[in-house]
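# Geometric and topological summary
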Amino acid sequence: MCGIFAYSGPRNNAPLLVVEGLKCLEYRGYDSWGVAYQAKGDIKIYKKVGKIGDFKAKDHKFETSSLAIGHSRWATHGGVNRVNAHPHFSENKEIVLVHNGIFENYLDTKKFLEKKGHKFISKTDTEVIAHLIEEHAKTHSFEDSVKMAIKEIEGRYAIVVIKEDENKIIAARKGSPLIIGVGKNEFFIASDIPAFLKYTNKVIYLDDNQICTVENKKISFFDNIKEEEVKKRIIEIEWDIESAEKGEHPHFMIKEIIEQKDTLNRAINQDPKVIEQVAKEIKKAFGTYFIGCGTAGKVALVGEYLFAKISKKHINFAFGSEFPYHRQFLTNKTLLIAVSQSGETADTLEAIEIAKEKGVKIVSIVNVESSTMARISDIVIPLKAGPEKAVASTKATTSQLAILTLLAYACNGGILEGKHLLINAASQINDMINPRYEDHIMKLARKIKNVESMYIIGRGMNYPIALEAAIKLQEVSYIHAEGFAGGELKHGPIALISKDTPVIALVANDDCKNEIISNATEVKARGGYIIGVSPENHEVFDYWIRVPDAGNASPILNIIPIQILAYQLAVLRKNNPDMPRNLAKSVTVK
Ligand code: M6R
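Quantities reported herein were computed from a predicted structural model and do not represent experimental measurements. (Residues numbered from 1 in each chain as written. Predicted model: local features only at pLDDT ≥ 70, side-chain atom pairs only at ≥ 80, totals over all residues. Heavy atoms only, no water.)

## Thoughts on the domain arrangement of the protein chain
Per the domain assignment, the segments of the protein chain are domain 1 (3–243), domain 2 (248–427) and domain 3 (432–579). Listed by partner, the interface residues are 33 residues for domain 2 and 31 residues for domain 3. On the domain 2 side of the interface with domain 3, the three residues burying the most area are Met 253, Lys 298 and Tyr 305, jointly 19% of the side's total. Counting the contacts that link domain 2 with domain 3 gives 0 salt bridges. Counting across the domain 2 and domain 3 interface gives 12 residue pairs in polar contact (both at pLDDT 80 or more). Residue assignment for the side of domain 2 that touches domain 3 shows that the elements contributing at least two residues are helix H5 (252–258), helix H6 (260–268), helix H8 (294–310), helix H11 (395–411) and helix H12 (415–427). It is H8 that contributes the most residues to the side of domain 2 that touches domain 3, 9 residues altogether. Residues that form the side of domain 2 that touches domain 3 fall into these classes: 21 nonpolar, 9 polar and 3 charged. (Domains from an automatic or database assignment. Contact = heavy atoms within 4.5 Å. Buried area = accessible area lost by both parts, 1.4 Å probe. Salt bridge = Lys/Arg side-chain N within 4 Å of Asp/Glu carboxyl O. Polar contact = N/O pair within 3.5 Å; in protein donor to acceptor, adjacent residues only side chain to side chain. Helix = DSSP H or I, 4+ residues; strand = E, 2+ residues; numbered from the N terminus. Nonpolar A, V, L, I, M, F, W, Y, C, P; charged D, E, K, R; others polar.)

Take a look at the structure:
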């Protein structure tokens, strides 16, 4: 995962324009960054360690240029330093390249090139691609060299390349996103649309194994498998620029938490025909899997509980990375439902590819409708949450939960009942996302901000929410947080409880209520500090966070105060909640 941005057109401030574009992509990687551009026949490179968001135009004077490429990095191969930052030069310094993805067989290629005299200065797989293109360019044109080089790459990639004596940009992708923004006589190439949205809303989606060349105000496309030119459609997209910007909010995370007042309604408002169609597929399938990673994985696990309870159907759950170990059970009657915000998560994509090989039908519940996942699925249910930029998923999570709830009801012939339940839950969000509610949670945040560890317990469909709550707290507050099934505590984890250890109990008004209260009581007897997230107060709670009673939609509402708490803890602990250390928004590596 990394951000790529490139520009070719009449503007003569291409390097700065690329820097600004990369700032919008910083959520994809933020340990270092760099820009390469053509200036008076030469290629200039400027690289820096740190966040591109910190860069000001006065920090460096770029020369005039109308062709530039850039990259914001999330390190995979090689540590975080200037040498490993992209762009990377070829040996002869004529070719320069940025890359998002993993070149899996790069070590073999590196050895092969070293034998031919190539010397590498970085530890990256990317530099090897630049050298490989140079090697082919000794006997072939620039374009053909790129075509030949990428045929040798195993793994996922999005690359953008320029060459010193050629006034063109070549871009190619397989498995990692690249989208072209089409302006008037100008082209933008980026990992995600918001990066160029202020210039154009006309886009072309590059597909896997396709190469695009921008030269002299013209763009052309080539299919590297079929080895032929391809025509691509320009699509006008409806996103507005505000939805991709922070506006008056200090961070994207809080903006996106607040947006749930609206996004949940949008998620509920699905085309009933699509929901009924997926419900039909689930009923028809001989075995259905829900898969996802991280937060999306926890949502998928909630789905297993929702289907057991609402539609009396067993659905198998697997994390994307674990799904390959279930491949023996797959047949052409299996159904796979993948949950993802970005639609670019490598582990989930790999699971889908394995399933497709066995003839499995694929449904994706995904936010980015232009993503790889959406494009390779048979049926897509869009989250319609708008761009989610903070690394910690919030609004996409509740939208995913809403769609799974709707599907569970649809599978039981009760789509309207499900919709009614969800509309009711959505209407309660105003009672939760407001300054008074946030202040109440802030009091708790101040009290626990220096604890070493905290735990979250839940039962039934709120058990995966306890796991999700732990992720949320871990990734932005950096406090050790773990989620458990309430009943599991006494089998080991209760040994971790000592005086004042904060334990959040997710208590819904459902058939688990008495048991989870008992589990909280067991913790309290060992000195734990019980924070109840519940429609009603209870004597076992030391601190109560009220959530509306939402019936089977309780997972949706229960996670919201935890999102707010995680955000507030991050701010109190002086962490950047939008860009947590070691993480990036979409995990496009395995
Ligand atoms: O884009 P996806 O939903 O497929 O991403 C999956 C996970 O990487 C993601 O949910 C991750 O766990 C988030 N940082 C959690 O907030």
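## Structural notes on the site of the ligand
In the vicinity of the ligand, 14 residues are found, and the nearest of them are Ser 340, Gln 341, Ser 342, Thr 345 and Glu 475. One of the backbone N or O atoms of Gln 341 is found 2.6 Å from an oxygen atom in the ligand. Contact between the ligand and Glu 475: an oxygen atom at 2.4 Å from a side-chain N or O atom of the residue. For the ligand, whose unbound accessible area comes to 410 Å², protein coverage reaches 91%. Only H8 and helix H14 (463–477) provide two or more residues apiece to the shell around the ligand. Take the shell around the ligand: its biggest share by element is 3 residues, from H8. (Near = heavy atom within 4 Å. Areas by Shrake-Rupley, 256 points an atom, 1.4 Å probe, with all protein chains shown as cover.)

## Comments concerning the nonpolar core
Ranked by size, the top nonpolar core spans 92 residues in total, and within it Ile 365, Ile 456, Leu 473, Ile 504 and Leu 565 carry the most contacts. Residues from two domains meet in this core; each of domain 2 (248–427) and domain 3 (432–579) gives at least three. Ignoring anything within four residues of it in the chain, the contact list for Leu 565 reads Ile 441, Leu 444, Ala 445, Ile 448, Met 454, Leu 473 and Ile 504. Membership of the second largest hydrophobic core comes to 28 residues, among which are Ala 14, Leu 25, Ala 39 and Ala 190. (Core = buried A, V, L, I, M, F, W, Y, C linked by side-chain atoms within 4.5 Å. Buried < 20%, exposed > 50% of the residue type's maximum accessible area, 1.4 Å probe, protein only.)

## Brief notes about the sheet that holds strand S21 (residues 453–458)
Taking strand neighbours across the sheet as the criterion, the 5 strands line up as S22-S21-S23-S24-S25 in an open arrangement whose pairing is parallel. With partners counted over all chains shown, the strands left at the sheet margins are strand S22 (480–485) and strand S25 (543–546), one partner each. Strand-to-strand twist across the sheet, computed as the mean angle between neighbouring axes with direction ignored, equals 20°. Pairing of S21 with S22, which is carried by 6 bridges, proceeds in the parallel orientation. Each residue of the ladder has a partner; that of Gly 458, found in S22, is Ala 485. Across the sheet, helix H13 (residues 435–448) touches S21, strand S23 (502–506), strand S24 (529–534) and S25, and the angle it forms with S25 is around 150°. On the sheet, helix H16 (residues 554–572) packs against S21, S23, S24 and S25 and is oriented at approximately 155° with respect to S23. (Pairing = 2+ DSSP bridges. Axes fitted to C-alpha atoms, helices over the stretch in contact; angles between N-to-C directions.)

## Describing the side chain of Glu 468
Relative to the helices and strands, Glu 468 is located in helix H14. We classify Glu 468 as buried; its relative accessible area is 1%.

## Topic: the packing of aromatic side chains
Within the structure shown, the criterion is met by 15 aromatic pairs. Here Tyr 46 and Phe 62 contribute two aromatic rings whose centre-to-centre distance is 5.5 Å and whose plane-to-plane angle is 85°, an arrangement assigned as edge-to-face. Residue Tyr 46 is found in strand S3 (residues 42–49), and its partner Phe 62 is found in the loop between S3 and strand S4 (67–73); the two are separated by 16 residues along the sequence. Since its relative accessible area comes to 12%, Phe 62 is described here as buried. In textbook terms, an aromatic cluster arises when at least three aromatic residues are bridged by ring pairs, as seen for Phe 5, Tyr 7, Phe 188, Phe 196 and Tyr 199. The aromatic ring of Tyr 529 is capped on one face by Lys 447, whose charged end is 4.7 Å from the ring centroid. Sitting above the plane of the Tyr 478 ring, Arg 581 keeps its charged end 3.9 Å from the centroid. (Phe/Tyr/Trp six-rings, centres within 6.5 Å; stacked < 30°, edge-to-face > 60°. Lys NZ or Arg CZ within 6 Å of the ring centre and 35° of its normal.)

## Considering H13
With 14 residues, H13 extends 20 Å between its outermost C-alpha atoms, agreeing within 8% with the 20 Å of an ideal straight helix rising 1.5 Å per residue. Among the residues of H13, those classed as buried are Tyr 437, Ile 441, Met 442, Leu 444, Ala 445 and Ile 448. Down the axis of H13, the smallest arc covering the buried residues is 165°, so these residues share one side. Along H13, exposed side chains directed more than 90 degrees from the buried face belong to Pro 435, Arg 436, Lys 443, Arg 446 and Lys 447. If you follow the buried residues of H13, they end up packed against S21, S23, S24, S25 and H16. (Expected span 1.5 Å × (residues − 1). Arc of directions from axis to C-beta.)

## Quick notes on empty space enclosed by the protein
Per the stated rule, a full pass over the model turns up 3 cavities of 30 Å³ or more. There is about 180 Å³ of room inside the largest cavity. What lines the largest cavity is a set of 18 residues, among which Tyr 27, Arg 28, Asp 192, Ser 342 and Val 368 lie closest to the centre. Structurally, the lining of the largest cavity is a two-domain feature, drawing no fewer than three residues from each of domain 1 (3–243) and domain 2 (248–427). Estimated volume of the second largest cavity: approximately 90 Å³. What lines the second largest cavity is a set of 15 residues, among which Cys 2, Thr 76, His 86, Gly 101 and Asp 125 lie closest to the centre. Elements with a minimum of two residues in the lining of the second largest cavity: S4 and strand S6 (95–103). (1 Å grid on protein atoms, 1.4 Å probe; cavity = no way out; pocket = protein on both sides within 12 Å on 5 of 7 lines; lining within 4 Å. Points joined across faces, edges and corners; volume = space filled by probe spheres on them.)

## Observations concerning the packing of H6 against H12
Running from N to C, H6 and H12 point in directions that differ by 170°, and their axes come no closer than 9 Å. Accordingly, the angle class assigned to the pair H6 and H12 is roughly antiparallel. From H6, Leu 264, Asn 265 and Ile 268 reach across to H12, where they touch Lys 419, Leu 422, Ile 423 and Ala 426. Among the residues making up the contact of H6 with H12, the classes are represented as 5 nonpolar, 1 polar and 1 charged. (Parallel < 35°, antiparallel > 145°, perpendicular 65-115°, else oblique.)

## So, the sheet that holds strand S11 (residues 202–205)
Overall, antiparallel pairing links the 8 strands, which are arranged S3-S2-S4-S1-S10-S9-S11-S15 in an open sheet. The outermost strands of the open sheet, each flanked by one partner alone, are S3 and strand S15 (235–236). Alignment of strand S2 (residues 32–39) against S4, held across 6 bridges, turns out to be antiparallel. Looking at the pairing, Ser 32 lines up with Arg 73 of S4. The sheet contacts of helix H1 (residues 14–24) involve strand S1 (3–8), S2, S4 and strand S10 (187–190), and relative to S1 the element is tilted by about 150°.

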